[in-house]
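Architecture at a glance
Next come the chains, spelled out residue by residue.
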Amino acid sequence: MSLNRLRDTGLPLIVVTGPAGIGKTTLVSKWLRSLSTEFPDGQLYADLRGHSAGGPAGPAEVLGQFLRALGVGPSSTDTVELASQWRSFTADLRIAVMLDNSFTAAQIRPLLLGGPGGLVVVTSRSRLTGLRMEGAGFHQLDALGPAAGIELLSRGIGADRVAGELPAVRRLVALCAGLPLAVCLASARLATRPRQSVGALADALARNAGGGRLAALRIEGETSVHTALDESYAILSGETARLYRTLGLLPVRGFDVTIAAASCGESLDWAERRLDELIEANLVENIGTDSWRFHDLVRIHAHDRAREDDTVASCEEALRRFCDWCLHTATAAQERLTPVQFTLPRTYLHAPTLPLPFEDDVEALGWLDSHRTQLLGAVQAAADNGWYDTSWMIVDAMWPLFLRLRYYAAWIEAHEIGLKAARQAGNKAAERQMLNSGAIGLGAARRTEEATAWYEASFRAAREAGDVRDEGQALLGLGACHREAGRPDDAVTYLKRAIAVWEGCGYPRGAALARTTLGEIALAAGAPDKAVDCFTRAHAAMVAVNDPHDAARALAFLGRAGVRAGAYAEGVARMNEALAVFTESGAAFWQARTLEMLGESAAEHGNAGAATEFRTRALALFEATSPADARRLGEAPGAGP
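Residues numbered from 1 in each chain as written. Predicted model: local features only at pLDDT ≥ 70, side-chain atom pairs only at ≥ 80, totals over all residues. Heavy atoms only, no water.

**Description of the overall build of the chain**
Scanning the chain from terminus to terminus reveals 32 helices and 8 strands. Since a compact globule built from 641 residues should have a radius of gyration of about 26 Å, the 28 Å found for the chain is in line with a globular shape. Projecting the C-alpha coordinates of the chain onto the three principal axes gives extents of approximately 95 × 55 × 40 Å. A buried classification covers 52% of the 641 residues belonging to the chain. Considering only residue pairs separated by 6 or more positions, the chain has 65% of its internal contacts joining residues 24 or more positions apart. By element, 51% of the accessible surface of the chain is carried by carbon and sulfur atoms, the whole surface being about 27600 Å². In the chain, 65 side chains carry a positive charge and 75 a negative one; their mean positions are 3 Å apart. (Helix = DSSP H or I, 4+ residues; strand = E, 2+ residues; numbered from the N terminus. Rg over C-alpha atoms; globule rule 2.2 N^0.38 Å. Buried < 20%, exposed > 50% of the residue type's maximum accessible area, 1.4 Å probe, protein only. Contact = heavy atoms within 4.5 Å. Areas by Shrake-Rupley, 256 points an atom, 1.4 Å probe, with all protein chains shown as cover. Lys, Arg positive; Asp, Glu negative; His and termini not counted. Charge placed at Lys NZ, Arg CZ, Asp CG, Glu CD.)

**Some remarks on the pattern of salt bridges**
Throughout the structure, instances matching the rule amount to 32 salt bridges. A salt bridge links R171 to D203, with the nearest nitrogen and oxygen atoms 2.7 Å apart. Of this pair, R171 sits in helix α8 (residues 166–175) while D203 is found in helix α10 (residues 198–207), placing the two residues 32 residues apart along the sequence. On the accessibility criterion, D203 (34% relative accessible area) is partly exposed. Across the pair E570 and R574 runs a salt bridge whose closest N-O atoms are separated by 3.0 Å. One end of the pair, E570, and the other, R574, are both in helix α29 (residues 568–585), 4 residues apart, so they sit about a helical turn from each other. (Salt bridge = Lys/Arg side-chain N within 4 Å of Asp/Glu carboxyl O.)

**Some thoughts on the packing of helix α16 (residues 312–337) against helix α17 (residues 361–370)**
Between α16 and α17, the least distance of the axes is 9 Å, while the angle of their chain directions is 140°. Accordingly, the angle class assigned to the pair α16 and α17 is oblique. Viewed along their axes, α16 and α17 form a crossing whose handedness is left-handed. Seen from α16, the contacting residues are W325, C326, T329, A330, A333, R336 and L337; seen from α17, they are D361, A364, L365, W367 and L368. (Axes fitted to C-alpha atoms, helices over the stretch in contact; angles between N-to-C directions. Parallel < 35°, antiparallel > 145°, perpendicular 65-115°, else oblique. Left-handed = near helix turned anticlockwise from the far one by under 90°.)

**Here's the deal with the pairing of strand β3 (residues 96–102)**
For β3, the buried fraction is high: 7 of the 7 residues fall into the buried class. Two strands pair when backbone bridges link them, and strand β2 (residues 43–47) and β3 are joined in this way by 5 bridges, in the parallel orientation. Within β3, the residue paired with Y45 across the bridge is M98. Examined bridge by bridge, β3 and strand β4 (residues 119–124) share 5 bridges and lie parallel to one another. Across the sheet, M98 pairs through a bridge with V121, a residue of β4. (Pairing = 2+ DSSP bridges.)

**Things to note about the sheet that holds strand β8 (residues 291–293)**
Within the open sheet, the 3 strands sit side by side as β6-β8-β7. Their pairing is antiparallel. In this open sheet, the two edge strands, each paired with only one partner strand, are β6 (254–255) and β7 (285–288). Both β7 and β8 contribute to a ladder of 3 bridges, which runs antiparallel. Paired with G288 across the bridge in β8 is S291.

**Focus on the environment of G137**
Tracing the chain through its elements places G137 in strand β5 (residues 137–140). On the accessibility criterion, G137 (6% relative accessible area) is buried. When the C-alpha positions of G137 and P12 are compared, they lie 8.6 Å apart, and in sequence the two are 125 residues distant. Excluding residues within four positions of it along the chain, G137 makes contact with L6, L11, L13, I14 and V15.

**Considerations on the environment of G115**
One can find G115 in the loop between α5 (105–108) and β4. Between the C-alpha atom of G115 and that of R87, which follows or precedes it by 28 residues, the distance is 7.4 Å. Apart from the residues within four sequence positions on either side, G115 is in contact with T90 and A91.

**Side note on the sheet that holds β2**
Strand order across the open sheet formed by 5 strands is β2-β3-β4-β1-β5, with parallel pairing between neighbours. Looking at which strands have only one partner, the edges of the open sheet turn out to be β2 and β5. Pairs of neighbouring strands in the sheet enclose a mean axial angle of 15°, with direction left out of account.

**Quick look at the side chain of E596**
Relative to the helices and strands, E596 resides in helix α30 (residues 588–604). Looking at E596, the relative accessible area reads 5%, which means it is buried. Other than its neighbours up to four places away in sequence, E596 contacts A618, F622, R632 and L633.

**Regarding the state of the cysteines**
What the rule picks out here adds up to 0 disulfides. C315 supplies the cysteine sulfur nearest to C264, a cysteine that is in no disulfide, at a spacing of 11 Å. We classify C264 as buried; its relative accessible area is 8%. (Disulfide = S-S within 2.5 Å.)

**Here's the deal with the environment of L70**
Along the polypeptide, L70 turns up in the loop between α3 (59–69) and α4 (79–90). Overall, the relative accessible area of 23% leaves L70 in the partly exposed class. When the C-alpha atoms of L70 and P508 are compared, they prove to be 39 Å apart, with 438 residues separating the residues in sequence. For L70, the residues in contact, after removing those within four places along its chain, are L44, W86, F89, T90 and L93.

**Section: the packing of α16 against helix α18 (residues 372–384)**
Closest axis-to-axis distance for the α16/α18 pair is 10 Å, and the angle between their directions is 125°. Taken together, the axis directions place α16 and α18 in an arrangement best described as oblique. In terms of crossing hand, the pair formed by α16 and α18 is left-handed. Along its contact with α16, which presents L319, F322, C323, C326 and A330, the element α18 presents Q374, L375, A378, A381 and A382. Broken down by class, the residue content of the contact of α16 with α18 amounts to 9 nonpolar, 1 polar and no charged. (Nonpolar A, V, L, I, M, F, W, Y, C, P; charged D, E, K, R; others polar.)

**Here's the deal with helix α13 (residues 257–264)**
Among the 8 residues that make up α13, 8 are buried, leaving the element largely enclosed by the rest of the structure. Regarding α13, the residues found buried are V257, T258, I259, A260, A261, A262, S263 and C264. In this fold, the buried residues of α13 make contact with α12 (238–249), β6, α14 (268–280), β8, α16 and α18. Two to three positions downstream of the cap, the backbone nitrogen of T258 sits 3.2 Å from a side-chain oxygen, assigning the N-cap of α13 to D256. In the segment just after α13, G265 is the residue with positive phi, at about 70°. (Polar contact = N/O pair within 3.5 Å; in protein donor to acceptor, adjacent residues only side chain to side chain.)

Function cannot be read off these values alone, since they describe shape.
Here's what the structure looks like:
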């Protein structure tokens, strides 16, 4: 049954299957684009990496990606909770979702939509018959017939050339085994050599049809693709062939011109010209503005060519250049976004000289976000190759990404790798850095017991090293964990110890952070005067060290505590001043938190209309940044129906 006929039946789930290189992704992408008007709420895409060497993508990773794409912060790292959030949020949406390169039915089920107005289309080399239980319709792609193969070839080299060598064309299409990828590669090969006969290429494919490492993988269709790839690779210029091999080595599925240039130690212009040649040869796909990728089979071929044609030293250099570029660029973003954050020194074997791909804070955060999978790949690759310092340094440089966008699973995974790398490097300071920033991620993901264990390990390490600044950081974290666990008295004890340690070593910002948390505890306990004192001192310290974000946090709480202490007008003015700072910086979560406090203050002052307006604005922002807080606010007294 055709895709259009399946769609006409109203099925919410369609599975497109077929062998590697048959054109599943191309077909579904083009078909969904033709249906864009049916899905006004948008279309989402995820590569489930079903046959990737690194293993398939987990449902939690994809759900987090989708929720963030829709402007909703994931509420958890747990697959069941994320799937529930996903189904609830999509219940009334008309969206189309493409799940490409899937592996099993179990990988798909948590990703299904929650309402009848959407469509999920799955592509897979496997049949996925288990999805029949979910009401799926199936469309099997078979190899191209002779006529279709000839038509596809003629689009690349022209009908006249095909007509002039029709017997050889038929033989060439047969050697391509009906695989569109193989036919396209052969077409690109012929298009670049207009004087070569089709028969000569067919003879070359026939001679090479039996072997190679790619064919030995025994995945459907790869033998024909392998021979076609060898022929396409053979006509590349030397420098373009070098780029092709280099890209095959990298731990990335997609890449941009900067990755290409940095990994080869060349200029952006050099990389752009070589990528154009690879596109002309049908060896890479252009999937967006400054974004390219390999087909799975082409990536395997490029990797094999690098291992066979290049020296071990040159392969290592290319991968190290990639890792150094990731570190250099992420560090530049970190320095721009969190300049007051303490960082350890960076070291490079191949210090990049390419221009930075961002010019302001928004672009820097956007770059970290769009390159997070490449950065995680570099973290793991550096650790695997024994470049342990590079590995943990990249994790450390990703701090603004984790802090602002809350990719909990990536935050925790990266720090687990980074902590191990720091220990293998024998770098005690880096070990404590990984423990502290990793513990913050565990705590933010509400894995409080694990966060406590990491902070305790950090505290012991700091004591052993005699590093009182890190000791204070661990104490602050332990205080936060005890507060989260509902033990405010224990939290206060740890926070006061943190203040004493930091004041003793001359670190006023740390003491101010601890006082802000102490003030929150006092405010929650109904002691507004005590809270005012804590927030006043914290705000003054943050202003003195030029930390506008945390100064605004303290100011917002100071305003709320002032209202509770009886100074309504002054308190509201302070909260509005903090709200203006958060609005200008784009700190949506803290905009919501401040609006919530303004709403609470208005309600206490008897202004029900203003209270409702503030609550409504806060709820809208929480829904986009913190679903857990949105639920809390929605369930609070006075939330309405």
